[in-house]
There are 2 protein chains.
Amino acid sequence: MGSEAIKRSLEEIGLRCTPQRYAVMAFLMGCKEHPTAAEIFDAVNRVDSRSSRATTYNNLRDLVQAGLVREVAVEGRAARFDAKGMRHHHFICDRCGHVEDVKWYTVRKPASLSLGKRVLRECEVIFRGLCSKCARRRADR
Amino acid sequence: MGSEAIKRSLEEIGLRCTPQRYAVMAFLMGCKEHPTAAEIFDAVNRVDSRSSRATTYNNLRDLVQAGLVREVAVEGRAARFDAKGMRHHHFICDRCGHVEDVKWYTVRKPASLSLGKRVLRECEVIFRGLCSKCARRRADR
DNA sequence: TCTTATATTAGATATATTCAAATATCTTCA
DNA sequence: TGAAGATATTTGAATATATCTAATATAAGA
C-alpha cells in the first residue's frame, strides 16, 4: 500500500490523515514483527521525533476500533499490534511472548457446536509453544 | 473435586497447600466466570481476610505455570483466570470483555500448514463477538 | 483564507503487576 | 519435641502499561 492508499483508507473510515497517525500505520504495515505500543512509539519517533505516547495509544485505539489494525493480547505482557493485511492466525511463544503470523485457513465451527444467543464475529486459532529461537536455545542446553 | 483432591493436586506438582493457595484454587473451581486477579483477591478475602495482593498474584503465577490454571489475556483489560477442568475454547466479548467457555473440540492443523522450527504445544480457538447480554442490549436499541 | 471539528501534547493519574526484604510457617530429623 | 533449614507470605514500594485532562495546534472542507 502506498502513501496515498494509507491516506485513503484512513479517510474512508473518517479519520484524518495526520503525520502521527500516518506514521503508525506505515510503520505497522512495513513491520513483520508484532510490535508493542512502546515499540511503535519508539520506532515512529526514531525517524522523526514528533509524536507523544498518548497520541500513539490514541491512534492505536482508533485504528483497532476502525478495523485497520489488530490488537493481540499476550498473557503477562504488553499488547501487540499488527496491520490487518492478509488474514492470518497467530503463534504466541510461551517463553518470550513473541507473536508470529500463521498462514490463514478457515476454521469450521462444528455444526454441533452451539454458541447460544451470542453473536459470532470472528473465529481465530491461537497456536502456542516455542518460537524457533526459543526452541533452539532449549535444544542447545 | 473435594478439598482433599485440591490438596493432593497441589502436592503432586510440588506446591504446598497453604490456606491462601487453597482458597484461590477452590474459588476458581467453584466459579463459572473467568475472574480477574483483582476479583479473585476480593473473593478470597471476603470469606477470610488473610491474603495479600502479591500473594494472590504469586499463587496465580505458580498455578498457571504448573498447569492447574489457565490465564486468558484480553485486549485492553486485566487478564482472566480459570481452573483447567474439562478442556474448552473461549468466547471473548468484544464489547464487555467477558470470557466464556466454549465446548471443546479438537482443532485439526491442516497438513499443508507448516509451523517451521517452532514447537507446537497447544492450539486453541478464540471466538469473538458479542456475549448474549451485549447482543440483547444491542438488539433493544 | 477561514472555520471548526478533530488531533496532539505533556504531564498527571489510574490500573495492573512485580519486586525485595522482613517475617512467618512448614518439614525434617536428631 | 524442637532446632535448623527450606519454602511461603506479607508488605509497601517500584515498575509497567494505559488513560485522562485541558490547553494548544492542525487538517481539510467551505
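Residues numbered from 1 in each chain as written. Chains lettered and ligands numbered in written order. Predicted model: local features only at pLDDT ≥ 70, side-chain atom pairs only at ≥ 80, totals over all residues. Heavy atoms only, no water.

Examining the nonpolar core
Put simply, the rule reads: Think of a nonpolar core as a cluster: buried Ala, Val, Leu, Ile, Met, Phe, Trp, Tyr and Cys residues, connected wherever their side-chain atoms sit within 4.5 Å. Relative accessibility thresholds used throughout: buried, under 20% of the residue-type maximum; exposed, over 50%; partly exposed, between the two (1.4 Å probe, protein chains only). A helix here means a DSSP run of H or I that spans at least four residues, while a strand means a run of E at least two residues long, and both kinds are numbered starting from the N terminus. It only takes one pair of heavy atoms within 4.5 Å for two residues to be counted as in contact.
Core analysis: the biggest nonpolar cluster contains 18 residues, and Y105(A), V125(A), F127(A), Y105(B), V125(B) and F127(B) have the highest contact counts within it. Residue assignment for this core shows that the elements contributing at least two residues are β5 (119-130) of chain A together with β5 (119-130) of chain B. For F127(B), the residues in contact, after removing those within four places along its chain, are K109(A), L113(A), L115(A), L120(A), E122(A), C123(A), H89(B), H90(B), F91(B), I92(B), V102(B) and Y105(B).

Some words on the environment of C17(B)
All names here are of chain B. Locating C17 in the fold gives a position in the loop between α1 (3-12) and α2 (19-29). The exposure class of C17 is partly exposed, given its relative accessible area of 24%. Measuring from C-alpha to C-alpha, the distance between C17 and I6 comes to 8.3 Å, with eleven residues separating the pair along the chain. Sequence-distant contacts of C17, that is, excluding residues within four places in its chain, are made with K7, L10, E11 and Y22.

So, the confidence of the model for chain A
Do not read the predicted coordinates in detail wherever pLDDT is low. Definition in use: Confidence of the predictor at the level of single residues is captured by pLDDT, which takes values from 0 to 100.
Confidence along chain A averages 87 in pLDDT terms, with 96% of residues attaining 70 or more. No element of chain A has a lower mean pLDDT than helix α5 (residues 132-140) of chain A, which averages 77, and none a higher one than helix α2 (residues 19-29) of chain A, which averages 95.

With respect to helix α3 (residues 37-47) of chain A
All of the buried residues along α3(A) are A37(A), I40(A), F41(A), A43(A), V44(A) and N45(A). Against the buried residues of α3(A) lie α2, α4 (53-66) and β2 (80-83) of chain A.

Re the relation of the copies chain A and chain B
Mapping between the two chain copies consists of a rotation about an axis together with a translation along that axis. Test applied: The copies were overlaid with a least-squares fit restricted to C-alpha atoms from residues scoring a pLDDT of at least 70 in each copy.
When chain A is fitted to chain B, the best match, at an RMSD of 0.1 Å, comes from turning it 180° and sliding it 0.0 Å along the axis. In short, the pair behaves as if placed about a two-fold rotation axis. Within chain A, V125(A) has its C-alpha nearest the rotation axis, a separation of 2.2 Å.

Thoughts on α1(B)
All names here are of chain B. Using the following cut-off: Here the arc refers to the directions that run from the helix axis out to each C-beta atom.
For α1, the full list of buried residues reads A5, I6, S9 and L10. When α1 is viewed along its axis, its buried side chains cluster within an angular range of 135° and face the same direction. Opposite its buried face, α1 presents the exposed residues R8 and E12, each directed more than 90 degrees away. The elements touched by buried residues of α1 are α2 and α4 (53-66). Looking one or two residues beyond α1, the residue adopting positive phi is G14, at roughly 80°.

Focus on the packing of aromatic side chains
Counted only if it meets this: Working definition: a ring pair exists when centres of Phe, Tyr or Trp rings (six-membered ring for Trp) sit within 6.5 Å. Plane angles under 30 degrees give stacked, over 60 give edge-to-face, the rest tilted. Both a distance and an angle decide whether a charge sits over a ring: NZ of Lys or CZ of Arg must be within 6 Å of the ring centre and within 35 degrees of the ring normal.
Summed over the entire model, instances satisfying the criterion amount to zero aromatic pairs over all chains. Looking at R87(A), its charged tip hangs above the ring of W104(A), at a distance of 4.1 Å from the centre. Above the ring of F91(A), the side-chain terminus of R118(B) is found at 5.1 Å from the ring centroid.

Remarks on the protein's contact with DNA strand C
Residue and element names in this part refer to chain A. Note the cut-off: A molecule or strand has a residue near it when one of that residue's heavy atoms lies within 4 Å. In protein, a polar contact requires one atom able to donate a hydrogen and another able to accept it; more generally it is a pair of N or O atoms within 3.5 Å, and residues adjacent in sequence count only if both atoms are side-chain atoms. Charged residues are taken to be Asp, Glu, Lys and Arg, nonpolar residues to be Ala, Val, Leu, Ile, Met, Phe, Trp, Tyr, Cys and Pro, and polar residues to be all remaining types, Gly included.
DNA strand C sits among 16 residues. The nearest are R16, T18, R21, R50 and S52. Looking at DNA strand C alone, sugar and phosphate atoms form 72% of those within 4 Å of the protein. One nitrogen or oxygen atom from the side chain of Q20 is found 3.1 Å from a sugar or linking oxygen belonging to DNA strand C. In terms of residues, the surface near DNA strand C owes the most to one element, α4, which gives three residues. Of the residues in the surface near DNA strand C, the class split is six nonpolar, six polar and four charged.

A closer look at the protein's contact with DNA strand D
For DNA strand D, the set of nearby residues contains 18 residues, the closest of which are T18(B), Q20(B), R50(B), S52(B) and T55(B). Within 4 Å of the protein, the atoms of DNA strand D are drawn from sugar and phosphate moieties in a proportion of 68%. In this structure, R16(A) approaches DNA strand D through a side-chain N or O atom, which is 3.4 Å from a base oxygen. Listed by contribution, the elements that provide at least two residues to the surface near DNA strand D are α4 of chain A together with α2 and α4 of chain B.

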